[in-house]
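# Survey of secondary and tertiary structure
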Amino acid sequence: MSPPITPFLFLFIFVMRKLPMQAMRSLESVPDLEKSMYMVVDGYPCVRLLNLSGEIGCSNPGREKVVAPIVRFKNVNVLAQSSAILVSLDEIQSFFTRLSHDSNFARNVGGVLVESGSASQNKLKGFSPVEKFPQAEFAPYQSINYEWNPIGSGIMWNTYNFPMFLLSQSSTLTLQEVMHCCHKNEKNKKAYTADVAEFDLVMQTTKSGTHDSESCLKEETCLPLGGYSVWSSLPPINVSSSDQSKPVILTVASMDSASFFRDKSLGADSPISGLISLMAAVDALSHLDGLNDLSKQLVFLVFTGEAWGYLGSRRFLLELDLHSDFVKGIDSTLIEMVMEIGSVGKGFSQGVKTFFAHVAEVSSVTNETLNALQQAKDSLKSESIMISTANSSNPGIPPSSLMSFLRKNSSTSGIVLEDFDATFANQFYHSHLDDLSNVNSSAIVAAASLVARSLYILASDDKDLSTSALSAINVNASLVEALLGCLLNCDPGLSCDLVKKYIAPRTNCPSNYVGVLLGEPSATLYPGYVSDVSRFIWNFLADRTSIPRENATSACPKGCRNEGEVCIGEELDGKGVCVISTTRYVPAYSTRLMFESGIWKVMPLNSSNSMGTEDPVWTESNWDAIGLRVYTVQNAAYDRLVLLGGLVVTVLAYLAIVVARAFITKALKQD
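Summary of the structure given here. (Residues numbered from 1 in each chain as written. Predicted model: local features only at pLDDT ≥ 70, side-chain atom pairs only at ≥ 80, totals over all residues. Heavy atoms only, no water.)

## A look at the sheet that holds strand S11 (residues 222–224)
Reading across the sheet, the 5 strands line up as S8-S4-S3-S25-S11 and stay open at both edges, with mixed pairing between neighbours. Every interior strand has two partners, whereas the edge strands, strand S8 (159–160) and S11, have only one. Sheet topology places strand S3 (residues 48–51) next to strand S25 (residues 619–621); 2 bridges connect them, and they run antiparallel. When the sheet's bridge partners are listed, Leu50 is paired in S25 with Thr619. (Pairing = 2+ DSSP bridges. Helix = DSSP H or I, 4+ residues; strand = E, 2+ residues; numbered from the N terminus.)

## Some remarks on the nonpolar core
Residues Leu285, Leu298, Phe355, Leu487, Phe536 and Ile537 are the most contacted members of the largest nonpolar core, which totals 94 residues. When residues in this core are grouped by element, the largest group, 14 residues, is from helix H14 (residues 441–460). Excluding anything up to four places from it in sequence, Phe355 contacts Val344, Gly347, Met386, Ile387, Ser388, Leu417, Glu418, Ala443, Ala446, Ala447 and Leu450. (Core = buried A, V, L, I, M, F, W, Y, C linked by side-chain atoms within 4.5 Å. Buried < 20%, exposed > 50% of the residue type's maximum accessible area, 1.4 Å probe, protein only. Contact = heavy atoms within 4.5 Å.)

## Observations concerning the pattern of salt bridges
Pairing is possible between side chains of opposite charge, provided their charged atoms come close. Overall, the coordinates contain 20 salt bridges when judged by the stated rule. As a salt-bridge pair, Asp615 and Arg314 come within 3.2 Å of each other at their nearest N and O atoms. Placement of Asp615 in the loop between strand S24 (599–602) and S25 and of Arg314 in helix H11 (residues 311–322) is noted, with a sequence separation of 301 residues between them. Arg314 matches Asp615 in its accessibility class, with the two residues each being buried. Linked by salt bridges that have partners in common, Asp283, Lys501, Asp543 and Arg544 make up one network. (Salt bridge = Lys/Arg side-chain N within 4 Å of Asp/Glu carboxyl O.)

## A word on the sheet that holds strand S20 (residues 565–568)
Spatially, 3 strands are ordered S19-S21-S20 in an open sheet, and the strand pairing comes out antiparallel. Either end of the sheet is taken by a strand with one partner, and the two such strands are strand S19 (547–548) and S20. Bridge analysis of S19 against strand S21 (residues 577–580) gives 2 bridges, and the strand direction is antiparallel. If you follow Ile547 over to S21, its bridge partner there is Ile580. Sheet contacts for helix H18 (residues 532–544): S20 and S21; angle to S20, the most-contacted strand, approximately 120 degrees. (Axes fitted to C-alpha atoms, helices over the stretch in contact; angles between N-to-C directions.)

## A closer look at the pairing of S3
Every regular strand shows the same layout, with side chains that alternate between the two sheet faces. Side chains Arg48 and Leu50 project from S3 onto one buried face, and the interleaved Leu49 and Asn51 project onto a second face that is buried too. The sheet contact formed by S3 and strand S4 (residues 54–58) spans 4 bridges and is antiparallel. Directly across from Leu49, in S4, lies its bridge partner Ile56. Between S3 and S4, which follow one another and run antiparallel, lie 2 residues.

## Points about the packing of aromatic side chains
Using the criterion set out here, one finds 28 aromatic pairs in the structure. Measuring from centroid to centroid gives 5.2 Å for Tyr589 and Trp600, while their planes differ by 65 degrees, and the two rings are edge-to-face. With Tyr589 in the loop between strand S22 (583–588) and strand S23 (593–596) and Trp600 in strand S24, this residue pair connects regions lying 11 residues apart in the sequence. Note on accessibility: Tyr589 and Trp600 belong to one class, buried. Three or more aromatic residues link up through ring pairs in this structure, and these residues are Phe73, Phe95, Phe96, Phe105, Tyr160, Phe162, Phe260 and Phe261. (Phe/Tyr/Trp six-rings, centres within 6.5 Å; stacked < 30°, edge-to-face > 60°.)

The following block contains the structure:
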């Protein structure tokens, strides 16, 4: 009898006993039986990421799957064997604290399952797995020990040689039932069965022994983090004209977040509330007449990759220096002001929506911008909206894309609009818990109103702009609610009507993780290489900032033929429309990477790259498959007991046959 057969037979018997008769009749094949034996668990993995100096994140320790009995963290005093630890959300910080202080415990952690659920989430005062000063190395000032994020633990930047999954809510409930029902693994030490978790989180970089970005890119076991940022101008820029003399007001937001768990990076407050505020402001301004008469050019820019070394903003600035086609129409010397919309979803307290303007450097331009924000606030005629200048005792601007601009040119005029003054209001910064419940839609509407009106004040250059002119700029609160549902929830998620008006999404549940860059960055993009969210933002901005083409047809005839035209809704069969719009993708990836001969290469440090020494060059390990399932197995001692019992029964049966045979033979002879 081979060892693997005994657990399988037990599973078969166990399943047959547990299944109702109707379910037993439905088992028509081996795959049906396997589905009944093994419970496939939905979850979000922590994966292996690498940079030039090493690696972070999670991976199976070797080339094989990890199988370990499940035990609850709160019930474990001493961990005697490799185990899968089931951790509730409110215990997660305690788990990592014990992991770092108890070597015996750490040695026997075979894998980790983290439960989801609002009950545990409500017990948490906060959870942020990143640093107290996120990405401090890119700060344009020296006070890098300042704590913008006091609750930050930094656990996300460690290496864990065991698999770790965040369970979905449905899988959490299922697993809780299993553990509550049986109590086999912890309380009944003599039980002959155990519930085990099987982790398939084998990373290619672990298998190949490539433990940093340069080596894994060379061996092609990883891909660089990156994606595509989007920029658009209102009104469209005539790129063929040599007369590009209007000063540019650049309004910036980010579309990507980070989390301990790869595909659960929503970033509702940080930074998606700012993104939605920007999109709502563009929508409000697009309904105005006379935009061509503005004395300044409005340009809106949405970065991706900012959570991983400001990939988007640094690459954008490099493309400006290179005068590439990605940024054709923008002259960096004409950028007069950078206004960034940061975290604005929590700017609501006791009925008052309060926002803080963090100033990069005091100048006539920033003073003019602060005055415009105040004028915009006054025009709203609401005592429930407040705008204040951030405390002068702060070391400088908070972590933001504006840092890249200031590192490039310290004299850049800019402000960052946030929902906090000295420390983050978001207690779940860069955590999977920064979800829809963590933001207030009315605060986002208020921020969008302030931004839209202040931009119009700045661009019109009319010192005596009447309140009645500003009152025509109104933010659509229904649009904000729709965007929240599309970008921060699975229902309706990216299958919402607003998204499907422009693109055919590949998935329903949004994840605002930057992802990896596939193929060589090119001005002519294959849509499959661009994320759903980037493609949606591109189409939305192209639509809102566009001028309808004369004699527009219902479909784009093999693309748009005239210069300055783009095709909105090109993915939708027969529904694309050509319009005049200056909307472009800009690749977002490390400024030290180059795509050559079909592979990515790390370039040597260049003195002209002002932030090259700080560039971590983030990559993500490849993998063949990621999976998690739970099933019941027999205790090995019980296997041996069954084997011994079987041998004893066989011997006794043999002896009985021999005796019976002899008896029968003797009886027959006597007859």
